[in-house]
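Observations on the three-dimensional arrangement
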Amino acid sequence: MAEVAQNGKVDNLLLDVHGLKKYFPIQKGLLRRVVGYVKAVDDVSLYVREGETLGLVGESGCGKTTASRSIIRLYEPTAGQVLFKSRVLSPDGQPRMVNLLELNREQMTKVRQEIAMIFQDPINSLNPRMTVADIIAEPLVIHGKYQKGRSEEIIVNLLERVGLRADHLRRYPHEFSGGQRQRIGIARALALNPRLVLCDEPVSALDVSIQAQTLNLLQDLQKEFNLSYLFVAHDLSVVQHISDRVAVMYVGKVAEMAGAEELYANPLHPYTEALLSAVPKPDPLYKSERIIMQGDVADPAHPPSGCYFHPRCRYAVDRCKTEAPAFRELKPDHWVACHRAEELQLKGI
Amino acid sequence: MAVATAPSAFPVAKQRSVGQSYFDLVKYRFKKNKLGVLGLILLVTLYVSFVALPEFIAPYQLENRSNFVEAPPTAIRFVDANGQFQAPFIYGLERKVDPVKRLRTWEINTDRKYPVRLFVQGDEYRLFGLFPMNIHLFGIEADQKEQRIFIMGADALGRDYFTRIMYGGRLSLMIGLIGQFLTLALGVTLGVISGYYGGAVDMFVQRFTEFLAAFPNIPLFMALSAAIPAFWSPIVVYFMLTLILAFLNWGGLARQVRGLILSLREREYALAAKSFGAKDRRIMFRHLMPGTMSHVIVIATLSIPGMILAETALSWLGLGLRPPLTSWGTLLQDAATVRAIRFTPWLLWVVPPILLTILTYNLLGDGLRDALDPYSGR
């Protein structure tokens, strides 16, 4: 944790996460004895600058979603620090860094105006019993900002901005297609004019053609409203398309974080290299050397010793089995957690 | 045709009629179930006649006694002694005493004829407790001392038994509704809280419902009924009884609601509301509870008959309502002696309305269950 505390030199930060941990207890028996922990998020450190998009990738079950939900305390994190530059909490209106995990209930509710969330499943994330108007108005109602007339205008504008029509207002979610529902979710996220939007796999439930539309919409909205995104995904090409920087997660830890082009061209972590080798190339003549990893993803309830990736890493040495690597800034703005990062010559795309 | 092609000036208003809310869909599906619709119509009829209009439908007042003690049901006739067909009428009744058997009997006197009329004047009453009236749905225009009409016979005090069934239905049907309402309020609230918070709250609520469920019912009824002071007015006793019934019944409902909430709270829309800063109360009662309503309505509909039966059974045992309150249970108590079954079997006329009520609730409940479940695939 301590080794990333020098993040202070990174300028223009909006979100700065240090050593975030979320352990889910495993309970057994009548008395709910705790027999162990699932380390869903185990020491995650990352940061998002104002106006940029950080893509968070990793395979299923690596803790991406848990990490994003822990950041706004939908899950109460076990440990760590989530610094967020908040406007609503500072008395003079000047944005100021606050640790979200130290806020009380009331303050946390206030901060939620500035951090919105877009969910993965467009069917499940909209209440089937509410009309579109009620759904988009809900954040306003919760924060006591709903005014008859004026708010209705805001809602219609939002709806039109995301590509729906005003006459959709009285309809129910089940009357829309998947892409349209996700647009409703986006409109809801923007209702309170947030500064940071946590996108939890917002396009992975959509058709490929709809994915592209939705991604472009998100990019347009980012420019228009000066938004910052933490964009969780498992699709590397989606992440490459939308992200300024990318963080790669493996079994609850961030393995590598760097600018998108840098990461795709010069990966420093063997896991990133393996992931990149699995990205399909649009060139049929290109013969890629596919890295087939041995073994399975580690079980977060019983992670391996040392570096969690060592049982599957083809570059692993003895040191990797005993000693967990630190997450360090090897090149400017290029962070990696690997003992051999300096000596390895890894292949990007 | 010009109207059809002209662009609508009110797109929102037009859309409103096209948009299908959940309950529009439910209505549509429910209408397709003929038995369910029949149940609903019958039930509304039952409640209107037994709860709203018994004073009007019954020919006499509840406590109107007469000398026609244990008179058998009066036959309404259309053909007189001469074989002539005519408007409905009844013959007069005369009391005879059998000196050998020492038995009082009632015999028909074909010399006295009384036409049966609709909307006759009779006992004074207040319609809906407000408007003074004396018109009754049917009856005979005769001096009450001379002749009365007893379509379901008379009881040991010479009161019209049909009248008593009509008035008794009011209390019996209302105890089901009020009791079920209290059960719902308790069961749903505690179920939602228990499922949403989990942990120690859940543990406590669930163990408490198990405790209630494990407790033998009849002794508990007896103890609780015995705890109601005898000097309380019958109407207070009535409300205490509904409270007792509700208190014993909420457990099962709370469990089912808890189960539904456990699955609903993992839905992303609950998380979404939380992510925007919604308070627990809003998530529980605005987002999660409506999702359980379809299930709850069906359970409630199907368990109202249980409430009505419980009242009937308790009153029959002498633990529930007591005279002078008249409910189907207290009427059944009168009918439940060997003597009554041997000499005044018409006192069992109270049974068909009980059966009919339960049947209609079940028809309605089945219809609702099919209509409210959008995933049944029919």
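Residues numbered from 1 in each chain as written. Chains lettered and ligands numbered in written order. Predicted model: local features only at pLDDT ≥ 70, side-chain atom pairs only at ≥ 80, totals over all residues. Heavy atoms only, no water.

The name given to chain B in an unreviewed UniProt entry is Peptide ABC transporter permease, and the organism recorded there is Candidatus Thermofonsia Clade 3 bacterium. Its UniProt record gives chain B the following Sequence similarities (unreviewed entry) comment, quoted word for word: "Belongs to the binding-protein-dependent transport system permease family." (UniProt positions renumbered as here; feature names shortened; annotations may be inferred.)

Under an unreviewed UniProt entry, the name given to chain A is Peptide ABC transporter ATP-binding protein, and the source organism is Candidatus Thermofonsia Clade 3 bacterium.

**So, the overall build of chain A**
When you go through chain A residue by residue, the secondary structure sums to ten helices and twelve strands. Relative to the 2.2 N^0.38 estimate, which gives 20 Å for 349 residues, the radius of gyration of chain A is 21 Å and therefore close to what a compact globule would have. Along the three orthogonal principal directions, the C-alpha set of chain A runs to about 65 × 55 × 50 Å. For chain A, the residues scored as buried account for 55% of the 349 residues in total. Restricting the contact set of chain A to residue pairs at least 6 apart, pairs at least 24 apart contribute 65%. (Helix = DSSP H or I, 4+ residues; strand = E, 2+ residues; numbered from the N terminus. Rg over C-alpha atoms; globule rule 2.2 N^0.38 Å. Buried < 20%, exposed > 50% of the residue type's maximum accessible area, 1.4 Å probe, protein only. Contact = heavy atoms within 4.5 Å.)

**Description of the overall build of chain B**
Scanning chain B from terminus to terminus reveals 14 helices and four strands. Over its C-alpha trace chain B gives a radius of gyration of 27 Å, far above what one expects of a compact globule, namely 21 Å for 378 residues. Dimensions of chain B along its principal axes, counting C-alpha atoms only, are 85 × 70 × 40 Å. Counting only residues that meet the buried cut, chain B has 44% of its 378 residues in that class. Residue pairs in contact within chain B that sit at least 24 positions apart in sequence constitute 69% of those at least 6 positions apart. As displayed, chain B offers around 19,700 Å² of accessible surface, 66% of which is attributable to carbon and sulfur atoms. (Areas by Shrake-Rupley, 256 points an atom, 1.4 Å probe, with all protein chains shown as cover.)

**Here's the deal with the sheet that holds strand β1 (residues 77-79) of chain B**
The strands making up a sheet associate through hydrogen bonds between their backbones, and the pairing can be parallel or antiparallel. All names here are of chain B. Spatially, four strands are ordered β1-β2-β3-β4 in an open sheet, and the strand pairing comes out antiparallel. Of all strands in the sheet, those bounded by a partner on one side alone are β1 and β4 (131-140). Along the sheet, successive strands turn relative to each other by an average axial angle of 50°, direction set aside. Sheet topology note: the β1/strand β2 (residues 85-98) ladder contains two bridges and is antiparallel. Within β2, the residue paired with Arg77 across the bridge is Phe89. (Pairing = 2+ DSSP bridges. Axes fitted to C-alpha atoms, helices over the stretch in contact; angles between N-to-C directions.)

**Topic: the sheet that holds strand β4 (residues 79-86) of chain A**
All names here are of chain A. In space, the four strands of this open sheet follow the order β2-β1-β4-β5, with antiparallel pairing throughout. Among the strands making up the open sheet, the edge pair consists of β2 (33-49) and β5 (96-99). Across the sheet, the mean angle from the axis of one strand to that of its neighbour is 25°, orientation sign disregarded. Where strand β1 (residues 13-28) and β4 come together, five bridges link them in antiparallel fashion.

**Things to note about the domain arrangement of chain B**
How big an interface is tends to be stated in terms of the accessible area lost upon association of its parts. Residues and elements named next belong to chain B. Partitioning chain B into domains gives domain 1 (67-158) and domain 2 (165-371). Each of domain 1 and domain 2 was reduced to a C-alpha centroid, and the two centroids are 39 Å apart. Taken together, the contacts link nine residues of domain 1 with seven residues of domain 2. Both sides together, the interface formed by domain 1 and domain 2 hides about 610 Å², and carbon and sulfur atoms give 69% of it. If you sort the residues of domain 1 by the area they bury against domain 2, Glu70, Pro73 and Met152 come out on top, with a joint share of 65%. The salt bridge partner of Arg339 is Glu70, with a shortest N-O separation of 3.3 Å. Here domain 1 and domain 2 share two residue pairs in polar contact (both at pLDDT 80 or more) between them. Across the side of domain 1 that touches domain 2, the residue classes tally to six nonpolar, one polar and two charged. (Domains from an automatic or database assignment. Buried area = accessible area lost by both parts, 1.4 Å probe. Salt bridge = Lys/Arg side-chain N within 4 Å of Asp/Glu carboxyl O. Polar contact = N/O pair within 3.5 Å; in protein donor to acceptor, adjacent residues only side chain to side chain. Nonpolar A, V, L, I, M, F, W, Y, C, P; charged D, E, K, R; others polar.)

**Observations regarding the interface of chain A and chain B**
On the chain B side, the residues contacting the 35 residues of chain A number 27 residues. Roughly 2,800 Å² of surface becomes buried between chain A and chain B when both sides are summed, with 56% attributable to carbon and sulfur atoms. Applying the counting criterion to the chain A and chain B interface returns three salt bridges. Taking the shortest distance from any N to any O, the salt bridge between Arg282(B) and Glu138(A) comes out at 2.9 Å.

**Comments concerning the environment of Arg171(A)**
By the element assignment, Arg171(A) lies in the loop between α4 (150-161) and α5 (178-190). Considering only alpha carbons, one finds Arg171(A) and Gln81(A), 90 residues apart in sequence, at a separation of 41 Å.

**Description of the UniProt feature "transmembrane region" (unreviewed entry) in chain B**
According to UniProt, the positions carrying the feature "transmembrane region" (unreviewed entry) are residues 35-57, 171-198, 218-248, 296-319 and 346-364 of chain B. End C-alpha atoms of residues 296-319 of chain B are separated by 29 Å, and the span's content is 92% helix alongside 0% strand.

**Digging into the UniProt feature "domain: ABC transmembrane type-1" (unreviewed entry) in chain B**
Under the UniProt annotation, the feature "domain: ABC transmembrane type-1" (unreviewed entry) is placed at residues 169-360 of chain B. Secondary structure content for residues 169-360 of chain B is 81% helix and 0% strand, and the end C-alpha separation is 15 Å.

**Focus: the packing of helix α3 (residues 132-142) of chain A against helix α11 (residues 280-317) of chain B**
Packing of α3(A) against α11(B) leaves a shortest axis separation of 14 Å and a crossing angle of 160°. With respect to α11(B), the axis of α3(A) lies roughly antiparallel. As for the relative orientation of α3(A) and α11(B), their crossing is right-handed in sense. Residues Asp134(A), Glu138(A), Val141(A) and Ile142(A) of α3(A) lie in contact with α11(B), whose contacting residues are Arg282(B), Arg286(B) and His287(B). Residue composition of the contact of α3(A) with α11(B), grouped by class: two nonpolar, one polar and four charged. (Parallel < 35°, antiparallel > 145°, perpendicular 65-115°, else oblique. Left-handed = near helix turned anticlockwise from the far one by under 90°.)

**What to know about the packing of α5(A) against helix α6 (residues 208-225) of chain A**
Residue and element names in this part refer to chain A. Contact pair α5 / α6: the axes reach a minimum separation of 11 Å and the direction vectors enclose 15°. Comparing the axis directions of α5 and α6 gives the class roughly parallel. Along this stretch, α5 crosses α6, giving a crossing that reads as right-handed. Contact residues: α5 offers Gly179, Gln182, Arg183, Ile186 and Leu190, while α6 offers Ile210, Gln213, Thr214, Leu217, Leu218, Leu221 and Phe225. Here the contact of α5 with α6 is built from residues that sort into seven nonpolar, four polar and one charged.

**Some points on the nonpolar core**
Leu100(A), Ile136(A), Phe231(A) and Met257(A) are the most contacted members of the largest nonpolar core, which has 119 residues in total. Among the elements that take part in this core, α3(A) stands out by supplying seven residues, more than any other. Setting aside its immediate chain neighbours within four residues, Ile136(A) contacts Ile155(A), Leu158(A), Leu159(A), Ile184(A), Ala187(A), Arg188(A) and Ala191(A). Among the nonpolar cores identified, the runner-up in size contains 45 residues, and Ile90(B), Tyr114(B), Phe138(B) and Val350(B) belong to it. (Core = buried A, V, L, I, M, F, W, Y, C linked by side-chain atoms within 4.5 Å.)

**Quick notes on the pattern of salt bridges**
All names here are of chain A. Counted according to the given criterion, the structure contains 34 salt bridges over all chains. Close ionic contact of Glu50 with Lys85 constitutes a salt bridge, the shortest N to O distance being 3.3 Å. Residue Glu50 is found in the loop between β2 and β3 (53-57), and its partner Lys85 is found in strand β4; the two are separated by 35 residues along the sequence. On the basis of relative accessible area, Lys85 is assigned to the buried category, the value being 18%. Via salt bridges that share partners, Arg49, Glu52, Arg245 and Asp333 belong to a single interconnected network.

**What about the pairing of strand β6 (residues 115-118) of chain A?**
Residues and elements named next belong to chain A. Of the two faces of β6, both are covered, the one formed by Ile115 and Met117 as well as the one formed by Ala116 and Ile118. Sheet topology places β6 next to strand β7 (residues 196-200); four bridges connect them, and they run parallel. Bridging from a neighbouring strand, Ile115 pairs with Leu196 of β7.

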